[in-house]
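# Structural overview
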Amino acid sequence: MIQDKIHDIVGKLPSGVKLVAVSKFHSVPELMEAYRAGQRCFGENRPQEFAMKVPEMPSDIEWHFIGHLQTNKLKMVLPYVSLIQSVDSLRLLEAINNWGTMNGKVLDVLLEPHVAAEETKQGFSCDEIMSVLSSSERYPNICFKGIMGMATFTDDEEIICSDFSRIREIHDAVRREYPVLADDFTELSIGMSDDYPLAIKYGSTMVRIGSMIFGSRNYGVV
Ligand SMILES: *Cc1c(COP(=O)(O)O)cnc(C)c1O
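Note that the structure is a prediction, hence the values are computed from the model and not measured. (Residues numbered from 1 in each chain as written. Predicted model: local features only at pLDDT ≥ 70, side-chain atom pairs only at ≥ 80, totals over all residues. Heavy atoms only, no water.)

Another point: the layout of surface pockets. The calculated volume of the largest pocket comes to roughly 940 Å³. Taken together, 36 residues make up the lining of the largest pocket; nearest its centre are Met150, Ala151, Phe153, Met192 and Arg208. Elements represented by at least two residues in the lining of the largest pocket include exactly helix 7 (157-177) and strand 8 (206-209). (1 Å grid on protein atoms, 1.4 Å probe; cavity = no way out; pocket = protein on both sides within 12 Å on 5 of 7 lines; lining within 4 Å. Points joined across faces, edges and corners; volume = space filled by probe spheres on them. Helix = DSSP H or I, 4+ residues; strand = E, 2+ residues; numbered from the N terminus.)

Taken N-terminus to C-terminus, the directions of helix 6 (residues 126-134) and helix 7 make an angle of 25°; their axes are 11 Å apart at the nearest point. One element, helix 6, and the other, helix 7, form an angle in the roughly parallel class. Considering the relative orientation of helix 6 and helix 7, their crossing is right-handed. Seen from helix 6, the contacting residues are Cys126, Ile129, Met130 and Leu133; seen from helix 7, they are Ile170, Ala173, Val174 and Glu177. In terms of residue class, the contact of helix 6 with helix 7 is made up of seven nonpolar, no polar and one charged. (Axes fitted to C-alpha atoms, helices over the stretch in contact; angles between N-to-C directions. Parallel < 35°, antiparallel > 145°, perpendicular 65-115°, else oblique. Left-handed = near helix turned anticlockwise from the far one by under 90°. Contact = heavy atoms within 4.5 Å. Nonpolar A, V, L, I, M, F, W, Y, C, P; charged D, E, K, R; others polar.)

Mapped onto the elements of the fold, Met52 is located in helix 3 (residues 47-53). Along the sequence, Met52 and Val28 sit 24 residues apart, while their C-alpha atoms lie 9.5 Å from each other.

Now for the pattern of salt bridges. Within the structure shown, the criterion is met by six salt bridges. We note a salt bridge from Lys18 to Glu62, for which the minimum N-O separation is 2.8 Å. Linking Lys18 in strand 1 (residues 18-22) with Glu62 in strand 3 (residues 62-65), this pair joins segments that are 44 residues apart in sequence. Residue classification places Glu62 among the partly exposed positions, given a relative accessible area of 26%. (Salt bridge = Lys/Arg side-chain N within 4 Å of Asp/Glu carboxyl O. Buried < 20%, exposed > 50% of the residue type's maximum accessible area, 1.4 Å probe, protein only.)

For strand 5 (residues 107-111), the tally of buried residues reaches four of five residues, placing the bulk of the element in the interior. In terms of strand pairing, strand 4 (residues 83-87) meets strand 5 through two bridges, oriented parallel. Of the residues in strand 5, the one forming a bridge with Val87 is Leu111. For the segment spanning strand 4, helix 5 (residues 90-103) and strand 5, crossover handedness is right-handed. Two elements, strand 5 and strand 6 (residues 142-148), share five bridges in a ladder whose sense is parallel. Bridge pairing links Leu111 to Ile147 in strand 6. (Pairing = 2+ DSSP bridges. Right-handed = clockwise from strand over helix to strand, strands pointing away.)

Right, let's get into the side chain of Arg208. Mapped onto the secondary structure, Arg208 falls in strand 8. Despite being buried, Arg208 has no salt bridge partner; Asp195 is the closest side chain of opposite charge, sitting 6.8 Å away. Once you skip the residues sitting within four places of it in the chain, Arg208 turns out to touch Val20, Val22, Ile66, Gln85, Met148, Gly149, Met150, Ser189, Ile190, Gly191, Met192 and Ser193. (Lys, Arg positive; Asp, Glu negative; His and termini not counted.)

Side chains of a nonpolar character, in soluble globular proteins, are inclined to be buried together. By size, the foremost hydrophobic cluster in this structure holds 65 residues, and its most contacted members are Leu111, Leu133 and Phe144. Of the residues forming this core, the biggest block, seven residues, is contributed by helix 7. Contacts of Leu111, omitting those with residues within four sequence positions, involve Val87, Leu93, Phe124, Ile129, Leu133, Phe144, Gly146, Ile147 and Met148. With six residues, the next largest nonpolar core counts Leu83, Leu110, Met148 and Met206 among its residues. (Core = buried A, V, L, I, M, F, W, Y, C linked by side-chain atoms within 4.5 Å.)

What follows is about the site of the ligand. Around the ligand sit Val22, Lys24, Ile66, Met148, Met150, Met192, Ser193, Arg208, Ile209, Gly210, Ser211 and Arg217, and that is every residue in its neighbourhood. Contacts to the ligand include Ser193, whose side-chain N or O atom sits 2.5 Å from an oxygen atom. Within the contact set of the ligand, an oxygen atom lies 2.8 Å away from a backbone nitrogen or oxygen of Gly210. Protein contacts shield 91% of the accessible area of the ligand, which totals 390 Å² for the unbound molecule. When atom positions are compared with the pocket grids, the ligand is found to occupy the largest pocket. Residues of the shell around the ligand, tallied by class, amount to six nonpolar, three polar and three charged. (Near = heavy atom within 4 Å. Polar contact = N/O pair within 3.5 Å; in protein donor to acceptor, adjacent residues only side chain to side chain. Areas by Shrake-Rupley, 256 points an atom, 1.4 Å probe, with all protein chains shown as cover. Sits in = over half its atoms within 2 Å of the grid points.)

All we've got here are geometric facts, nothing functional implied.
Written out as structure tokens, the structure reads:
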């Protein structure tokens, strides 16, 4: 089943759009089914669960971190991760840069703007993103790869489209205003199980799909 879902989705994605299989709350045997279908990129959102799964899975997996990351959990995540998609504050960005400096690593990150209607303190404003990137040289151990965004949780396609359009505008504004970053700043991570076809219309380069592959999550386990 999981294998069929992966094949289905990958078969329908336009070239240039990468599938991140969001495996949070699912077990290692379920992840292995996706792996056997050829999936190599997985997304997790909780440091503890992530740290537990990494050593249990094959070493050629590209792990993305997609959840809120507290600065005191960096060492559980950063040594193993290929891309931190969910950098949602200046404080976190600075902590990641410092960790990179201390460990001799350059970390690939996406910045997460807050555009959805939900009340949350997480996520940069558009102005904050522009201001961070206007002094990107202050983060020598960070490689800015693009933007990750989430649309409002709603069935209303107009709202979802307007959110994706705003996220896309931030991405384009960065590339326009800061051409020195443009070679690296190419990723637009938008789209989840329910809205990824719309996200592709807005230029997604990376869709993060969980429940459509693995089924619904049982928040009581793992
Ligand atoms: C859980 C999660 C997803 C996947 O959601 P589905 O609706 O299960 O596809 C995508 N992105 C983020 C940031 C998530 O936390």
